[in-house]
Amino acid sequence: MDPALREHLRRLDLDLLMAGHADPVPADWGRSARSDGYNRFYLILDGVGSITSDGVEYQPRPGQLYFLPAGSALGFSASRERPLRKYWAHFTATVGEHDLATLVTLPRVVEVAELPAVQEMFVRLLAAGKGPRR
């Protein structure tokens, strides 16, 4: 592992703010682009929608994991006919005074190879009592 990355991870302060399972997202789930002071993970299970991050529009597909960093201009919406189903988490990740996403480059979306394993991580997170199930 890169020594600089190892040092960042050693000093990482991670705070889970809220997490949940949207099965499906509420009918009014959506907003125009704006910034928030926290990071998000979205694990897409099914449905149709749109995620815009810093002007780039994504069409979520089942099996994708999105990392949406704090401070990015984020907008989203879902189809009323086939709304998104997803696990989600809102969190802060800082190293000293800096958000982790300003120190390391992470992809905005990845194709999850082992979807059941990642789903199980979210299930365990929710079972730890950190968030509502919606």
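Rules used in this analysis
Residues numbered from 1 in each chain as written. Predicted model: local features only at pLDDT ≥ 70, side-chain atom pairs only at ≥ 80, totals over all residues. Heavy atoms only, no water. Helix = DSSP H or I, 4+ residues; strand = E, 2+ residues; numbered from the N terminus. Rg over C-alpha atoms; globule rule 2.2 N^0.38 Å. Buried < 20%, exposed > 50% of the residue type's maximum accessible area, 1.4 Å probe, protein only. Areas by Shrake-Rupley, 256 points an atom, 1.4 Å probe, with all protein chains shown as cover. Lys, Arg positive; Asp, Glu negative; His and termini not counted. Charge placed at Lys NZ, Arg CZ, Asp CG, Glu CD. Salt bridge = Lys/Arg side-chain N within 4 Å of Asp/Glu carboxyl O.

Our next topic: the overall build of the protein chain. Looking only at helices and strands, the protein chain features 3 helices and 10 strands. For the protein chain, the sequential pattern of α-helices and β-strands runs α-β-β-β-β-β-β-β-β-β-α-β-α. For 134 residues, the compact-globule estimate of 2.2 N^0.38 gives 14 Å, and the C-alpha radius of gyration of the protein chain, at 15 Å, lies within 12% of that figure. The C-alpha extent of the protein chain, read off along each of the three principal axes, is 50 × 35 × 25 Å. In the protein chain, which comprises 134 residues, the proportion classed as buried is 38%. Per element, the accessible surface of the protein chain, about 7,700 Å² overall, is 54% carbon and sulfur. The protein chain carries 16 positive and 16 negative side-chain charges, and their two centres are separated by 3 Å.

This paragraph deals with the pattern of salt bridges. Considering all chains together, one arrives at 8 salt bridges under this definition. Between D36 and R40 there is a salt bridge, with its nearest N and O atoms 2.6 Å apart. Across this residue pair, the class does not change: D36 and R40 are buried. For D46, the salt bridge goes to R85, with nearest N and O atoms at 3.9 Å. In this pair, D46 sits in strand β3 (residues 39-46) while R85 sits in strand β8 (residues 85-95), placing the two residues 39 residues apart along the sequence. Overall, the relative accessible area of 26% leaves D46 in the partly exposed class.

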